[in-house]
Amino acid sequence: MFLESDVKLGFSDVLIRPKRSNLKSRSQVDLQRHFRFLHSKYDWTGVPVIAANMDTTGTFEVADRLAEHGMLTALHKHYTIAQWDAWLENHNHGDDIYNRIMVSTGTSDADFDKFSTIIANHPKLQFICIDVANGYAESFVEFVQRVRDAFQDKTIVAGNVVTGEMVEEFLLSGADIVKVGIGPGSVCTTRVKAGVGYPQLSAVIECADAAHGLGGRIISDGGCTCPGDVAKAFGGGADFVMLGGMFAGHDESGGQVVERGGRQFKLFYGMSSATAMDKHSGGVAHYRASEGKTVEVPYRGPIDETVRDILGGVRSACTYVGAGALKELTKRTTFIRVQEQENRIFG
Ligand code: 5GP
């Protein structure tokens with residue numbers, strides 16, 4: 001046994017200290033980032049916020065809306081090849097859609113064959129998101145290498161991990177972007193079921209440092225509860241921020257609508273929840289526990305409003321610290337440790 005006693009921080013442990021700024025308005029803040037990825041050498045420009053590859057948020061409908069804002073959607077891995085074909089062929093998308101979507105996959109041979117077929121049918125697809133709950137298995141590293149060997153010019157996302165040495169291992173194995181987050185998610189119960197996890201802000205700070213040293217990028221995945229948390233993730237060094245819960249409950253999100261007491265709710269659930277496993281894998285296997293919960297999120301209307309709220313919040317953070325562009329936010333961020341967040345007198 002070994003005990004690390006320095007404190008690791010989550011978003012709710014800090015605030016961003018304001019700094020003198022010569023920006024006159026939020027409208028002056030440029031939220032676009034430009035990256036040339038480590039292995040694929042692909043040049044990408046966009047607003048680096050990603051809808052999570054959950055079957056409730058990584059939907060074609062969400063992708064259509066977020067693309068209009070220059071943002072990304074990691075489409076969930078349960079869409080069939082026929083559904084991909086129908087969406088890409090029938091929707092009159094311009095080529096820019098390929099900058100705004102990721103194909104998600106698990107790590108079985110069947111998963112490999114399926115996403116390879118989707119890419120063979122649509123060779124302009126650029127991003128492959130290889131996603132497992134626990135990115136620490138040796139076999140996962142081998143899978144990333146296999147995908148890199150087969151798809152030299154595609155941009156590969158791999159995760160999830162929370163420590164610098166594993167970020168380096170993935171970047172050296174062929175990933176361009178490493179997804180960071182174990183346990184912070186809104187419908188995740190890993191910390192309760194397994195006792196494993198890492199406070200998200202510290203994970204981001206440490207993993208960004210490791211990735212940037214090698215020319216790689218990271219996604220902060222999970223744990224954002226409000227636009228301020230998204231700003232803190234970027235301030236901590238995240239190149240991209242992935243959101244599940246904040247995008248749940250909208251017209252474009254998946255999930256059944258339920259009515260209670262005259263109010264509408266939409267189901268939202270973890271991809272390792274019993275709900276998801278019943279739907280996609282015929283139930284929870286006997287050797288595992290469900291590590292996700294199912295919740296009812298108040299129906300929130302069109303996703304556009306929420307997008308505006310998030311982007312407005314990040315722009316505001318930038319103006320408070322004098323960052324004219326999102327790119328400058330990290331180096332202009334000083335976090336202060338706090339024991340209070342919002343004033344909750346009115347709930
Ligand atoms: P949120 O933005 O809702 O806080 O977090 C979204 C992230 O939670 C997802 O991108 C994914 O990494 C993680 N996640 C989704 N479903 C589950 C689940 O069932 N169990 C766990 N442990 N994590 C999940």
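Look up a bit, the structure's there.
Residues numbered from 1 in each chain as written. Predicted model: local features only at pLDDT ≥ 70, side-chain atom pairs only at ≥ 80, totals over all residues. Heavy atoms only, no water.

Student: What is the right way to look at the packing of aromatic side chains in this model?
Tutor: Two aromatic rings are characterised by how far apart their centres lie and by the angle between their planes. Scanning all chains against the criterion turns up 16 aromatic pairs. With a centroid separation of 5.8 Å and 80° between ring planes, the pair formed by F37 and F127 is classed as edge-to-face. Linking F37 in the loop between β2 (33-36) and β3 (43-46) with F127 in strand β7 (residues 127-131), this pair joins segments that are 90 residues apart in sequence. The burial state of F37 is the same as that of F127; both residues are buried. Here the aromatic rings of F37 and F240 are separated by 6.4 Å at their centres, their planes lie at 25°, and the arrangement is stacked. Placement of F37 in the loop between β2 and β3 and of F240 in strand β11 (residues 240-243) is noted, with a sequence separation of 203 residues between them. Judged on exposure class, the residue F37 and its partner F240 are both buried. Among the aromatic residues, ring-to-ring pairing joins F35, F37, Y42, W44, F127 and F240 into one connected group. (Phe/Tyr/Trp six-rings, centres within 6.5 Å; stacked < 30°, edge-to-face > 60°. Helix = DSSP H or I, 4+ residues; strand = E, 2+ residues; numbered from the N terminus. Buried < 20%, exposed > 50% of the residue type's maximum accessible area, 1.4 Å probe, protein only.)

Student: What's the story with the pattern of salt bridges in this structure? I'm lost.
Tutor: Think of it this way: side chains of opposite charge can pair up when their charged atoms draw near. Counted under the stated rule, the structure contains 15 salt bridges. With a closest N to O distance of 3.7 Å, E4 and K8 form a salt bridge. Here E4 falls in the exposed class, since its relative accessible area comes to 52%. With a closest N to O distance of 2.9 Å, D131 and K179 form a salt bridge. Of this pair, D131 sits in strand β7 while K179 sits in strand β9 (residues 177-180), and the two are 48 residues apart along the sequence. For D131, a relative accessible area of 24% puts it in the partly exposed group. Via salt bridges that share partners, E4, D6, K8 and E206 belong to a single interconnected network. (Salt bridge = Lys/Arg side-chain N within 4 Å of Asp/Glu carboxyl O.)

Student: What is the right way to look at the pairing of strand β6 (residues 101-105) in this model?
Tutor: The side chains of a regular strand alternate between both faces of the sheet. The element β6 is extensively covered by neighbouring structure, given that five of its five residues are classed as buried. Pairing of strand β5 (residues 72-75) with β6, which is carried by three bridges, proceeds in the parallel orientation. Residue L75 lies in a different strand from β6, and its bridge partner there is V103. The parallel pair β5 and β6 is bridged by helix α2 (residues 81-90), and the resulting crossover is right-handed. Note: β6 against β7, four bridges, orientation parallel. Note on β7: the bridge partner recorded for T105 is I130. (Pairing = 2+ DSSP bridges. Right-handed = clockwise from strand over helix to strand, strands pointing away.)

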